[in-house]
Amino acid sequence: MYTSLRILLVMLVVFGISSCNDQKVLPKPSGQLALDFPKGNYVSSDDMNCPFSFKVNEYARVRSKSDCSMKIEYPAMEATVYLNYRPIENNLRQLLIDGQKLSYEHNQKADVIVDFPFANRLNNAYGMMYEIEGDAASNAQFYVTDSTKHFLTASLYFYTQPNYDSILPAVDYVKADMVKMMETLRWKE
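Along each chain, residue indices are assigned from 1 in the same order as the chain's sequence is written. In view of the model being predicted, local features appear only for residues whose pLDDT reaches at least 70, and side-chain atom pairs are presented and counted only at 80 or more, with totals across whole chains, interfaces and linings using the full set of residues. For side-chain calculations, the full set of non-hydrogen atoms in the structure is used, while hydrogens and water are omitted.

A. Highlighting the overall build of the chain. A run of H or I in DSSP becomes a helix once it reaches four residues, and a run of E becomes a strand once it reaches two; helices and strands are each numbered from the N terminus. In terms of regular secondary structure, the chain is built from three helices and 11 strands. Listed N to C, the secondary structure of the chain is α-β-β-β-β-β-β-α-β-β-β-β-α-β in terms of helices and strands. Taken over 189 residues, the chain has a buried fraction of 38%. Expressed as a percentage of contacts within the chain between residues at least 6 apart in sequence, the contacts between residues at least 24 apart total 50%. The Shrake-Rupley method, run with a 1.4 Å probe sphere, supplies the accessible areas, and residue values consider only the shown protein chains as cover. Total accessible area computed for the chain in this model is approximately 12300 Å², and 53% of it derives from carbon and sulfur atoms. Exposed residues in this analysis have more than 50% of their type's maximum accessible area, buried residues have under 20%, and partly exposed residues fall in between, with area computed by a 1.4 Å probe over protein chains only. Any two residues whose heavy atoms approach within 4.5 Å are treated as being in contact.

B. Spotlight on the state of the cysteines. When two cysteine sulfur atoms lie within 2.5 Å, the pair is treated as a disulfide. For the structure shown, the criterion picks out one disulfide. For Cys50, the disulfide goes to Cys68, at an S-S distance of 2.3 Å. What sets the handedness of the Cys50 and Cys68 disulfide is the S-S torsion sign, and at about -105° it is left-handed. Taken together, the positions of Cys50 in the loop between strand E1 (42-44) and strand E2 (52-53) and Cys68 in the loop between strand E4 (61-64) and strand E5 (70-74) put the pair 18 residues apart, joining distant regions of the chain. Considered together, Cys50 and Cys68 belong to a single accessibility category, that of buried residues.

C. View of the packing of aromatic side chains. Between 30 and 60 degrees the pair is tilted, below 30 it is stacked and above 60 it is edge-to-face, where a pair is any two Phe, Tyr or Trp rings, Trp via its six-membered ring, whose centres lie within 6.5 Å. Per the counting criterion, the structure on display carries five aromatic pairs. Plain terms: the ring middles of Phe52 and Phe54 are 6.1 Å apart, the flat faces sit at 10° to each other, and that makes the pair stacked. A residue is classified by how much of its surface remains accessible, and Phe52, at 0% relative accessible area, is buried. Taking the centre distance of 5.4 Å and the plane angle of 35° together, the rings of Phe52 and Tyr85 count as tilted.

D. Structural context of the environment of Ala125. Of note, Ala125 is situated in strand E8 (residues 125-134). Distance in space between the C-alpha atoms of Ala125 and Tyr143 is 9.8 Å, their sequence separation being 18 residues.

E. Quick look at empty space enclosed by the protein. As defined here, a cavity is a set of points on a 1 Å grid over the protein atoms alone where a 1.4 Å probe fits but cannot get out. A pocket is an open set with protein on both sides within 12 Å along at least five of seven lines, and residues line them when an atom is within 4 Å of a point. Grid points are joined across faces, edges and corners, and a volume is the space filled by probe spheres set on the points. Considering all chains together, one arrives at one cavity of 30 Å³ or more under this definition. Its boundaries defined by the atoms lining it, the largest cavity holds a volume of some 30 Å³. Lining of the largest cavity is provided by Phe54, Leu83, Phe142, Val144, Leu152, Met181, Met182 and Leu185. Here the nonpolar group is Ala, Val, Leu, Ile, Met, Phe, Trp, Tyr, Cys and Pro; Asp, Glu, Lys and Arg are the charged ones; every other residue, Gly included, is treated as polar. Residues belonging to the lining of the largest cavity are distributed by class as follows: eight nonpolar, no polar and no charged.

F. The arrangement of the side chain of Gln141 in detail. Note that Gln141 resides in strand E9 (residues 138-145). Polar contact is the term for a pair of N or O atoms within 3.5 Å; when the atoms are in protein, one must be able to donate a hydrogen and the other to accept it, and sequence-neighboring residues count only if both atoms are side-chain atoms. Side chain to side chain, Gln141 and Ser138 meet in a polar contact 3.1 Å long.

G. Representation of helix H3 (residues 164-184) in the model. In this model, H3 (21 residues) spans 28 Å end to end at C-alpha, consistent with the 30 Å of a helix rising 1.5 Å per residue. Within the sequence span of H3, burial applies to Tyr164, Ile167, Ala170, Val171, Tyr173, Val174, Lys175, Asp177, Met178, Met181, Met182 and Thr184. Helix span, as expected, comes to 1.5 Å for every residue beyond the first.

H. Focus on the sheet that holds E8. By this definition, two strands are paired if DSSP reports at least two bridges between them. Ordered by their spatial adjacency, seven strands build an open sheet running E4-E5-E6-E10-E9-E8-E7, and the pairing between neighbours is antiparallel. Edge positions in the sheet fall to E4 and strand E7 (110-120), since each has one partner strand and no second. Averaged over all neighbouring strand pairs, the angle between strand axes comes to 15°, with direction disregarded. As paired strands, E5 and strand E6 (residues 79-87) are joined by five bridges and run antiparallel to one another. Only the stretch in contact is used when a helix axis is fitted, and all axes are lines through C-alpha atoms; the angle between N-to-C directions ranges over 0 to 180 degrees.

I. The arrangement of a negative patch on the surface in detail. Residues form patches when they are more than 30% accessible in relative terms and have no salt bridge. Like charges link within 9 Å. Nonpolar side chains (Val, Leu, Ile, Met, Phe, Trp, Tyr) link within 5 Å. For this document, the term salt bridge refers to a Lys or Arg side-chain nitrogen within 4 Å of an Asp or Glu carboxyl oxygen. For the purpose of counting charges, residues Lys and Arg are taken to be positive, whereas Asp and Glu are taken to be negative. His and the chain ends are not included. Note on charges: their place is set at NZ of Lys, CZ of Arg, CG of Asp or CD of Glu. Residues Asp111, Glu133, Asp135 and Asp165 make up a contiguous surface patch of negative charge. By the element assignment, Asp165 lies in helix H3.

J. Fine view of the side chain of Asp177. Along the chain, the position of Asp177 falls in helix H3. For Asp177, which is buried and forms no salt bridge, the nearest opposite charge comes from Lys180, at a distance of 8.4 Å. Those residues in contact with Asp177 that lie beyond four places of it in its chain are Tyr42, Asn57 and Tyr74.

This is how it looks when you write it as structure tokens:
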């Protein structure tokens, strides 16, 4: 038994000495997922028979309906921007309330909702962009109107369970496209 203990002690000393080296142990930096999305190349959506047009990222698929509502799909990200068009018919106040209420319905899951006013006097387009931070179902929304004839809303949704930290790069990418839609929006009438 004494011999076994001596052998064990010698082995521990040998392993301890042989594992020592002059390299410094440094903590590893935390890793982050590197998502590389293509730079946005924007083309006109003017081929639709709708009372508005805007520029859309060529990497997205636009699916429009006869009422000028549409889905702008990002298949690689499993995301869709839903656009809804409504003509103003003595209902601007209700449309504005609905446009604002849509964003704040995500308040239960949102950490923060930040709104950015939008005004393009040259194109007679006014509205609001909403950024919803947190595990909400929709992380970006906007509405735009000319205040007399046209009202357009948009909402971004992902086909996955909301995990804001994981989808943030994709949210930022599509949000930039939504801002481009607002900035390039032209009413045809």
